[in-house]
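Architecture and fold: a report
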Amino acid sequence: MHFIDIHTHINQQNADAIRIYNLIPGENLPESFFSVGIHPWHANKYTIDQVEEIIKAHPDKCIAIGECGFDLLRSPLSQFEQEELLHAHFKLAQKYKKPVILHLVRASHIIGRIIKEYPDLTYIWHGFTGKIDIIHQLKDNDMYYSFGLSAKNEYVWEHIDEERIFCETDDRNDAISTVYEKLAEIRNTDADLLKKQIYLNFKNIFGDGLARQD
Ligand SMILES: [Zn+2]
């Protein structure tokens, strides 16, 4: 059974893991699966049409939309413009039936209102560092949360429902197995059980076929 690295910027194969590489428009394609979108930090450099072209050209390898979202600390766009761009990503996710990988900084208070308009979509909030209250507020949405080694709030990661978790390496050079070990330690569970659960979570979103293709 594979590890799942749900979000990574490091383009490197790992036979033990299914990885979702975060592709930026214009970059060379990775060998692994990928997601494509416009990060709020670079939101003035790319267009949503470029994103759609890549999805259309690689319907099997492009398995998710994003990362996209809000960064209210660091983005060249205003909040309003970031919201417009996020709607455009969500519309692509609906059109091509793919889940969305979210990057959300200082935006916990607005995301609930927006995703309510897209109740059919599945979301993965990558690098979640929020409080447990947010998870409770969003419980009626199909929202998953991804853990990386920069996560701060251990209480959240101890208590979050196991059916809603993933692990990621993001832009760090950590081994995904190390991320699993850390999360297993926080949750006081066995790393193998955690691996089985995350694999199941992956299958619930992406179906059985993907695991065999990788
Ligand atoms: Zn990232």
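Our structure is the block above this text.
Going along each chain's sequence as written, the residues are numbered from 1 onward. Reporting in this predicted model follows two pLDDT cut-offs: at least 70 for local features of residues, and 80 or more for side-chain atom pairs to be given and counted; totals over whole chains, interfaces and linings ignore these cut-offs and use all residues. Note that water and hydrogens are dropped before the side-chain values are worked out from all heavy atoms of the structure.

1. Things to note about the coordination of the zinc ion
- The donor set covers N, O and S atoms within 2.8 Å of the metal, switching to 3.2 Å for Na, K and Ca, and it leaves out water, so a site may look short of donors. Looking at the zinc ion, one finds its protein donor set to be His7 (NE2), His9 (NE2), Glu67 (OE) and Asp170 (OD), positioned 2.1 to 2.4 Å from the metal centre.
- Irregular is the default label, applied whenever a site is not tetrahedral (four donors, all angles between 85 and 135 degrees) and neither square planar nor octahedral (four or six donors, opposite donors over 155 degrees apart, all other angles between 65 and 115). Coordination at the zinc ion is irregular: its four donor atoms span angles of 84 to 172° at the metal.
- When the donor residues of the zinc ion are listed from N- to C-terminus, their spacing reads H-x1-H-x57-E-x102-D.
- Given a relative accessible area of 0%, His7 falls into the buried group. Only protein chains enter the accessibility calculation, which uses a 1.4 Å probe; a residue is then buried when its area is under 20% of its type maximum, exposed when over 50%, and partly exposed in between.

2. A short note on the pattern of salt bridges
- Note on definitions: salt bridges are taken to be side-chain nitrogens of Lys or Arg within 4 Å of carboxyl oxygens of Asp or Glu. A full pass over the atoms with the stated rule returns eight salt bridges.
- Ionic pairing is found between Glu52 and Lys95, a salt bridge with its closest N-O pair at 2.7 Å. Of this pair, Glu52 sits in helix H1 (residues 48-57) while Lys95 sits in helix H2 (residues 79-96), and the two are 43 residues apart along the sequence.
- With its nearest N and O atoms 3.9 Å apart, the salt bridge here joins Glu185 to Lys182. In this pair, Glu185 and Lys182 both sit in helix H6 (residues 176-187), three residues apart, roughly one turn of the helix.
- With a relative accessible area of 58%, Glu185 lands in the exposed category.
- By relative accessible area, which is 30% here, Lys182 ends up partly exposed. Only DSSP runs of H or I reaching four residues or more are called helices, and only runs of E reaching two or more are called strands; each is numbered from the N terminus.

3. Points about the sheet that holds strand E6 (residues 122-125)
- Should DSSP find at least two bridges between two strands, the strands are regarded as paired. A sheet is described by the order of its strands in space; here eight strands give the open sequence E1-E2-E3-E4-E5-E6-E7-E8, paired in parallel fashion. Either end of the sheet is taken by a strand with one partner, and the two such strands are strand E1 (3-8) and strand E8 (165-167). Mean inter-strand twist for the sheet, computed between neighbouring axes without regard to direction, equals 30°.
- Throughout, a residue-residue contact means that at least one pair of heavy atoms, one from each residue, lies within 4.5 Å. To get an axis, fit a line to the C-alpha atoms, keeping to the stretch in contact for a helix; angles then go from 0 to 180 degrees between the N-to-C directions. Sitting on the sheet, H1 touches strand E2 (17-23), strand E3 (33-36) and strand E4 (62-71), and the angle it makes with E3 is about 155°.

4. Remarks on the packing of aromatic side chains
- Planes of paired rings set the category: under 30 degrees apart is stacked, over 60 is edge-to-face and the rest tilted, where pairs are Phe, Tyr or Trp rings (Trp by its six-membered ring) whose centres lie within 6.5 Å. In total, this model carries ten aromatic pairs according to the counting rule given.
- Between the aromatic rings of Phe90 and Tyr118, the centroid separation amounts to 5.0 Å while the plane-to-plane angle is 70°, which identifies the pairing as edge-to-face. Of this pair, Phe90 sits in helix H2 while Tyr118 sits in the loop between helix H3 (108-115) and E6, placing them 28 residues apart in sequence.
- For Phe90, a relative accessible area of 0% translates into the label buried.
- Seen from their ring centres, Tyr144 and Phe166 are 5.4 Å apart, and the 45° between their planes marks the pair as tilted. Of this pair, Tyr144 sits in strand E7 (residues 142-147) while Phe166 sits in strand E8, and the two are 22 residues apart along the sequence.

5. Concerning the pairing of E1
- Where burial is concerned, most of E1 is hidden: six out of the six residues are buried.
- Pairing of E1 with E2 involves four bridges; the strand directions are parallel. Looking at the pairing, Ile4 lines up with Ile18 of E2.

6. Topic: H3
- Among all positions of H3, only Ile110, Ile111, Gly112, Ile114 and Ile115 are buried.
- Check the buried side of H3 and you find it contacts E4, H2, strand E5 (100-105), E6 and E7.

7. Topic: the packing of H1 against H2
- The N-to-C vectors of H1 and H2 enclose an angle of 20°; their axes lie 11 Å apart at closest approach. In terms of orientation, H1 lies roughly parallel with respect to H2. Relative to H2, H1 is oriented so that their crossing is right-handed. Contacts between H1 and H2 involve Ile48, Val51, Glu52, Ile55 and Lys56 from the first element and Leu85, Ala88, His89, Leu92, Lys95 and Tyr96 from the second. Any angle between 65 and 115 degrees counts as roughly perpendicular, while under 35 counts as roughly parallel, over 145 as roughly antiparallel, and the rest as oblique. The hand of a helix crossing depends on one turn: near helix anticlockwise from the far one by less than a right angle means left-handed, and clockwise means right-handed.

8. Side note on H1
- Of all the residues in H1, the buried ones are Val51, Glu52, Ile54 and Ile55. Looking down the long axis of H1, one finds its buried residues gathered within 160° of arc, a one-sided arrangement.
- As for H1, its buried residues are in contact with E2, E3, E4 and H2. By construction, the arc corresponds to the directions joining the helix axis to the C-beta atoms.

Don't take any of this as a statement about function, it's just geometry.
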